[in-house]
Amino acid sequence: MKLDLKLTGCRALTMDPARPAAHTIGIWQGRIAGLDSDVADLPAAETVDLAGAVVLPGFIDAHTHLAWNGRHTIDITGLTTVAQILDRLGGSAGTGWIEASGYDRRIMDSPLTAADLDKISDGRPVYVADLSGHACVVNSAVLKQLPEITSDGWLTENEQLAARTLRLPYSLDEITAELRRSADQVLSEGVTMCAEAGIGAGLIASSPLEAAAYQRAQLPVRVQLMVSAYMLDDVQADPSDGIPRAIDLGLHTGFGDDMLSLGALKLWTDGGMMARTAALTEPYAGSDNAGQLAESEEFMRAAILDGHHAGWQLAIHAIGDRAIDFTLDAVAEAQRRRPQADARHRIEHCGLVRPDQLERIAALGLIPVVQPTFLWSYGDDYSEIMGAQRAPWMYRGRSFLDHGITVAGSSDRPVADGSPLRAIEFMVRRRSAAGQAVGPDEAITVEEAIRAYTLGSAYACRKEHVLGSLTPGKLADLVVLGEDPRTSDAIADIPVLATMVGGAFRFQRSS
Ligand SMILES: [Zn+2]
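**A short note on the overall build of the protein**
When its secondary structure is counted, the protein shows 14 helices and 25 strands. Judged by the C-alpha coordinates and their principal axes, the protein covers about 75 × 55 × 45 Å. Expressed as a percentage of the 511 residues in the protein, the buried residues total 58%. Summarising the internal contacts of the protein: among those between residues at least 6 apart in sequence, 72% fall at separations of at least 24. With an accessible surface of roughly 19,800 Å², the protein has 50% of that area assigned to carbon and sulfur atoms. Separation of charge centres in the protein, based on 45 positive and 67 negative side chains, amounts to 3 Å.

**Quick look at the sheet that holds strand S20 (residues 346-349)**
The sheet built from eight strands is open, its strands ordered S8-S14-S15-S18-S19-S20-S21-S22 with parallel pairing. The sheet terminates laterally at strand S8 (59-64) and strand S22 (408-409), the two strands that pair on one side only. Sheet analysis places strand S14 (residues 191-199) next to strand S15 (residues 222-228), joined by six bridges and oriented parallel. Bridged to Ala-197 within S15 is Met-226. Along the sheet, helix H9 (residues 321-337) makes contact with strand S19 (314-318) and S20, crossing S19 at roughly 155°.

**Notes on the environment of Pro-57**
Mapped onto the elements, Pro-57 comes out in strand S7 (residues 54-57). When the C-alpha positions of Pro-57 and Val-480 are compared, they lie 8.9 Å apart, and in sequence the two are 423 residues distant.

**Some words on the coordination of the zinc ion**
Distances from the zinc ion to its protein donors, His-63 (NE2), His-65 (NE2) and Asp-412 (OD), fall at 2.1 Å. Look at His-65 and you get buried, because its relative accessible area is 4%.

**Some remarks on the environment of Arg-322**
Summarising the element assignment, Arg-322 is placed in helix H9. Here the alpha-carbon distance between Arg-322 and Val-39, two residues 283 residues apart in the chain, equals 53 Å. Once you skip the residues sitting within four places of it in the chain, Arg-322 turns out to touch Ala-279, Leu-280, Thr-281, Leu-293 and Glu-297.

**Some thoughts on the packing of aromatic side chains**
Evaluated as defined, the whole model comprises six aromatic pairs. Ring geometry for Tyr-378 versus Tyr-382: centroids 6.0 Å apart, planes at 35°, classification tilted. Pair noted here: Tyr-378 and Tyr-382 are both in helix H11 (residues 372-390), with a separation of four residues, about one helical turn. You'll find Tyr-378 and Tyr-382 in the same group, each marked buried. An aromatic cluster of three or more residues is present, and its members are Tyr-230, Trp-268 and Phe-299. Over the ring of Trp-154 we find Arg-105, and its NZ or CZ is 4.1 Å from the ring centre. Across the ring face of Tyr-170, the terminal group of Arg-167 is positioned such that the distance to the ring centre comes to 4.0 Å.

**Details of the pairing of strand S24 (residues 496-501)**
Regular strands show a simple pattern: their side chains alternate between the two faces of the sheet. With five of six residues buried, S24 is to be regarded as a mostly interior element. With four bridges connecting them, strand S23 (residues 478-481) and S24 associate as antiparallel partners. Residue pairing in the sheet places Val-479 in a bridge with Thr-499 of S24. Bridge analysis of S24 against strand S25 (residues 504-508) gives four bridges, and the strand direction is antiparallel. Among the inter-strand pairings, Met-500 is bridged to a residue of S25, identified as Phe-505.

**Observations regarding the nonpolar core**
If you look at the biggest cluster of nonpolar residues, it comprises 99 residues, and the most contacted ones within it are Met-273 and Met-394. Once residues within four sequence positions are removed from consideration, Met-394 is found in contact with Met-273, Gly-351, Leu-352, Leu-375, Gly-379, Tyr-382, Ser-383, Met-386, Arg-430 and Val-438.

**Considerations on the sheet that holds strand S11 (residues 126-130)**
Across the sheet, which stays open at both edges, the five strands sit in the order S9-S10-S11-S12-S13 with mixed pairing between neighbours. In the strand order of this sheet, the two ends are held by strand S9 (74-75) and strand S13 (154-156), each with one partner. Inspection of the sheet shows S11 paired to strand S12 (residues 135-138) by three bridges, in the antiparallel sense. Counted as the bridge partner of Val-128 is Val-137 from S12. Strand contacts of helix H3 (residues 114-121): strand S10 (98-103), S11 and S12, with the helix running at about 55° to S12, the strand carrying the most contacts. Sitting on the sheet, helix H5 (residues 157-167) is in contact with S10, S11, S12 and S13, with an inclination near 105° to S13.

**Looking at the pattern of salt bridges**
Throughout the structure, instances matching the rule amount to 31 salt bridges. Here Glu-174 makes a salt bridge to Arg-167, at a shortest N to O gap of 4.0 Å. Looking at Glu-174, the relative accessible area reads 35%, which means it is partly exposed. Across the pair Arg-344 and Glu-464 runs a salt bridge, and its minimum N-O distance is 2.8 Å. One end of the pair, Arg-344, is in the loop between H9 and S20; the other, Glu-464, is in the loop between helix H14 (446-460) and S23, and 120 residues separate them in sequence. Given a relative accessible area of 9%, Arg-344 falls into the buried group. If you follow the salt bridges from partner to partner, you end up with Glu-99, Arg-164, Arg-167 and Glu-174 in one network.

**Some points on the environment of Thr-454**
Positionally, Thr-454 belongs in helix H14. C-alpha separation for the pair Thr-454 and Ala-83, spaced 371 residues apart in sequence, amounts to 44 Å. Not counting residues within four places of it along the chain, the set of residues in contact with Thr-454 comprises Met-15, Pro-57, Gly-58, Phe-59, Ile-60 and Gly-468.

**Description of helix H7 (residues 210-217)**
Buried within H7 we find Glu-210, Ala-213, Tyr-214 and Ala-217. End-on, the buried residues of H7 take up no more than an arc of 100°, which puts them together on one face. Against the buried residues of H7 lie helix H1 (66-70), helix H6 (172-188), S14, S15 and strand S18 (260-268).

**Notes on the pairing of S23**
Side-chain alternation along S23 places Leu-478 and Val-480 on one buried face and Val-479 and Leu-481 on a second face that is also buried. Direction of pairing for S7 relative to S23: antiparallel, over a ladder of four bridges. Of the residues in S23, the one forming a bridge with Val-55 is Val-480.

Analysis parameters
Residues numbered from 1 in each chain as written. Predicted model: local features only at pLDDT ≥ 70, side-chain atom pairs only at ≥ 80, totals over all residues. Heavy atoms only, no water. Helix = DSSP H or I, 4+ residues; strand = E, 2+ residues; numbered from the N terminus. Buried < 20%, exposed > 50% of the residue type's maximum accessible area, 1.4 Å probe, protein only. Contact = heavy atoms within 4.5 Å. Areas by Shrake-Rupley, 256 points an atom, 1.4 Å probe, with all protein chains shown as cover. Lys, Arg positive; Asp, Glu negative; His and termini not counted. Charge placed at Lys NZ, Arg CZ, Asp CG, Glu CD. Pairing = 2+ DSSP bridges. Axes fitted to C-alpha atoms, helices over the stretch in contact; angles between N-to-C directions. Donors = N, O, S within 2.8 Å, 3.2 Å for Na, K, Ca; no water. Phe/Tyr/Trp six-rings, centres within 6.5 Å; stacked < 30°, edge-to-face > 60°. Lys NZ or Arg CZ within 6 Å of the ring centre and 35° of its normal. Core = buried A, V, L, I, M, F, W, Y, C linked by side-chain atoms within 4.5 Å. Salt bridge = Lys/Arg side-chain N within 4 Å of Asp/Glu carboxyl O. Arc of directions from axis to C-beta.

Here you go:
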């Protein structure tokens with residue numbers, strides 16, 4: 001046998017307990033053919049000496065938004081006054097929509113309104129996306145098309161969706177370009193697979209042809225598409241199938257190949273902490289607002305039951321503890337009605353988990369898909385709005401692992417920083433960007449954090465048989481780092497030297 005490629009001089013941390021370390025990795029036909037003595041004497045078409053560099057399995061981002069992340073909009077991140085924002089948006093070329101992103105209402109000296117935006121819009125519709133993804137500000141040209149909504153321009157959740165829908169769809173060419181930009185970015189950060197969190201309909205949709213854009217783009221990174229539950233339609237299947245609703249052709253989780261596949265069915269049960277719309281059992285600190293559920297309980301429960309019955313893995317967005325209560329009840333009911341071993345349903349974000357909810361998450365085999373960099377970026381604010389008792393319950397790590405729960409790492413890019421190394425550093429240190437401790441009791445070890453971003457996220461995407469560790473027979477996805485995260489005091493700053501997908505280097509750092 002002749003290998004396609006032999007990597008020598010590696011300090012590989014394989015994440016495979018059977019063989020945790022390796023110096024040589026043999027690759028054949030896009031897979032790991034063997035390690036060390038398995039391949040030492042085999043000839044190879046090419047040999048690359050990594051000169052002692054650290055090698056990990058490729059990072060898997062279990063919840064991200066590639067099209068949204070790659071979209072060219074006017075960036076107003078960090079701007080704090082209306083005058084600054086109008087200055088940035090004024091004089092924007094073109095005739096169609098003016099779109100901006102990065103708005104943060106929490107840091108504004110006074111909130112941006114439709115009347116402000118009218119001053120620079122020249123009659124064009126303006127859409128300013130809030131950082132949270134759960135709100136926006138629009139101008140009068142947009143509000144005029146939404147006569148049922150009364151607002152000064154600030155729209156959240158379903159009202160935001162109504163405004164967003166006016167802008168859609170984007171063209172396949174636009175989406176393809178967005179995807180390619182994002183793929184290059186994630187590869188440079190060591191990500192080899194992304195799970196796109198909800199295509200086809202809903203707030204983050206781009207087009208009814210979204211899946212076609214992924215096929216067309218032929219991205220150099222693996223992608224799993226989660227399909228929005230709003231895509232479920234009534235179907236006239238044989239009654240013995242017990243499937244009242246499905247997407248066209250009955251496609252569901254698992255369809256596709258190693259590069260592009262269908263993942264979970266994505267459902268939303270509440271909003272987010274940044275927009276103060278995550279549904280809580282007790283109000284946000286110092287207010288009487290307790291957030292809101294995304295839809296009526298009846299509607300969400302039906303989507304969970306029907307999705308479960310149609311064979312979908314479910315990815316249920318639930319951030320506040322009230323939304324998580326609802327999710328636990330609905331999943332328990334689905335399993336009671338039609339038990340499914342290894343259903344592996346996921347809770348996306350799983351942001352605020354009361355101590356009494358941990359047991360139930362474990363018992364139902366649910367997988368929290370967490371975003372550690374939320375707390376790195378926004379942890380100071382979130383701690384304040386949760387108050388002293390609840391702040392330690394946010395985006396847990398240690399408690400999940402101690403309850404035997406598999407944790408999956410993800411970013412929700414572009415809502416927060418997408419770097420896996422930054423996320424791993426946060427999971428270990430539990431410090432916000434400003435240096436404040438955020439739930440320090442939830443800290444986990446470096447190896448546990450790496451596992452969350454490799455095997456844990458592979459498990460959440462039902463890909464652990466082919467991804468997540470450097471194990472002979474698995475796909476050859478790996479990342480080459482300039483330093484060992486286990487001994488580094490600045491994990492987020494470790495340079496990513498190269499990223500390999502399926503045995504081919506798809507990113508290499510210049511110099
Ligand atoms: Zn998301």
